[in-house]
Amino acid sequence: NMLLRKGGEIGYHGYNHQPLALGRDYKGIYDYKVWKDYASMEKAFGHLVDFCDELFPNVNMSVYVPPSNLLGEEGREMLIKEFPQIKTLSGIYLPDDVLDFALLQEFEVDENGVVDQPRIISGCDLDDFMTMGAMSELNMHYVNNHFTHPDDALDVERGAELGWKELRNRFDNYLDWLYTSAPNIRNFTGTEFSAAVQRFVAVAPKTQFFDDKMVIEIQNFYDDAQFLIRFNEKESDTVMGGRLTHLTGDLYLLEADKATVTISFK
């Protein structure tokens, strides 16, 4: 309720934390039970939906995060077919050498219109690999998508021995770095983020260069679009159809609010 009052969002996670998969071999890493058939998965998830509706009768829930980032093809099919209120599936972005059967995703929209929204990094005690992943995604998609587990403070592998006070301090430091590095990054709920992914996937920019300007025609433009843009030799002057924000060095964020953006050079 506190999260909702602050403008946050609740999504679906799982019935008894059992992944939606049939006949899956978890290679001894997990001791999850395997659903006996399609109907059992559907019934279980229906119980979860009913439970959420009872607790939060006026809250729309559209994002599903699979338990332990595990989702079988039959589970995905069942969710899309039987529970059309689910608009987003959220797995992970970076591969794991141990969990080579986890749900890996790109930022995409499938043929059914369901959005794949991978989470980039996790936890409060970010190691060098996750820090690199966070920096890479700011440079690649200008995205930060981070998740924490409720049991992070209890799991030794996630830094539990540091204590909750230290874990929270490290996470606060990470947020300070993020908003210093990307002060104009947009803050979205899962549903809002999915809308941004839809726009990202749809747009197709075509750029023409002239001596005194560049013109960007954005196909499939809806209401806004964002691009990272570099000026290696030219220096921008005025912008029509959008806004330029300097990020670092010769890198800028272009926020387009028209299907045609013209950037003149000095």
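Residues numbered from 1 in each chain as written. Predicted model: local features only at pLDDT ≥ 70, side-chain atom pairs only at ≥ 80, totals over all residues. Heavy atoms only, no water.

Chemist: Break down the side chain of Thr 189 for me, citing the residues and quoting the values.
Modeler: With respect to the secondary-structure elements, Thr 189 resides in the loop between α5 (164-181) and α6 (190-202). Classification of Thr 189 as buried rests on a relative accessible area of 18%. Sequence-distant contacts of Thr 189, that is, excluding residues within four places in its chain, are made with Gly 7, Gly 8 and Glu 9. (Helix = DSSP H or I, 4+ residues; strand = E, 2+ residues; numbered from the N terminus. Buried < 20%, exposed > 50% of the residue type's maximum accessible area, 1.4 Å probe, protein only. Contact = heavy atoms within 4.5 Å.)

Chemist: Break down the sheet that holds strand β13 (residues 260-265) for me, with residues and values.
Modeler: Spatial ordering of the open sheet is given by β7-β8-β13-β10, a layout of 4 strands whose pairing is antiparallel. Among the strands making up the open sheet, the edge pair consists of β7 (204-209) and β10 (236-240). Neighbouring strand axes in the sheet, compared pairwise and without regard to direction, differ in orientation by 20° on average. Of the pairings in the sheet, the one linking strand β8 (residues 213-219) to β13 comprises 5 bridges and is antiparallel in character. Pairing of Ile 216 across the sheet is with Val 261, part of β13. (Pairing = 2+ DSSP bridges. Axes fitted to C-alpha atoms, helices over the stretch in contact; angles between N-to-C directions.)

Chemist: Pulling in residues and values, what's your account of the packing of helix α4 (residues 128-140) against α5?
Modeler: Two elements in contact, α4 and α5, have axes separated by 12 Å at closest approach and are oriented at 20°. With respect to each other, α4 and α5 are oriented roughly parallel. As for how α4 packs across α5, the hand of that crossing is right-handed. Judged by residue contacts, Ala 134, Met 135 and Leu 138 of α4 engage Tyr 174, Trp 177, Leu 178 and Ser 181 from α5. Classifying every residue of the contact of α4 with α5 gives 6 nonpolar, 1 polar and no charged. (Parallel < 35°, antiparallel > 145°, perpendicular 65-115°, else oblique. Left-handed = near helix turned anticlockwise from the far one by under 90°. Nonpolar A, V, L, I, M, F, W, Y, C, P; charged D, E, K, R; others polar.)

Chemist: Quick rundown of the packing of helix α2 (residues 38-55) against helix α3 (residues 73-82)? Include the residues and the values.
Modeler: In the contact formed by α2 and α3, the axes pass within 10 Å of each other and the chain directions differ by 55°. Between α2 and α3, the angle is such that the two are oblique. Crossing handedness for the pair α2 and α3: right-handed. Together, Tyr 38, Met 41, Glu 42 and Phe 45 of α2 and Glu 74, Gly 75, Glu 77, Met 78, Leu 79, Lys 81 and Glu 82 of α3 make up the contact between the two elements. Taken together, the residues of the contact of α2 with α3 sort by class into 5 nonpolar, 1 polar and 5 charged.

Chemist: Tell me about the packing of aromatic side chains, and name the residues and values.
Modeler: Summed over all chains, the structure comprises 13 aromatic pairs. Relative to Phe 193, the ring of Phe 107 has its centre 5.8 Å away and its plane inclined at 45°; by these criteria the two rings are tilted. One end of the pair, Phe 107, is in the loop between β2 (88-89) and β3 (108-109); the other, Phe 193, is in helix α6, and 86 residues separate them in sequence. The ring of Phe 147 carries Arg 119 above its face, with NZ or CZ at 4.1 Å from the centroid. (Phe/Tyr/Trp six-rings, centres within 6.5 Å; stacked < 30°, edge-to-face > 60°. Lys NZ or Arg CZ within 6 Å of the ring centre and 35° of its normal.)

Chemist: Let's hear about the pairing of β8: which residues, and what values?
Modeler: Sheet analysis places β7 next to β8, joined by 6 bridges and oriented antiparallel. In the strand pairing of β8, Thr 207 is matched with Ile 216. Counted between consecutive antiparallel strands, the loop separating β7 from β8 contains 3 residues.

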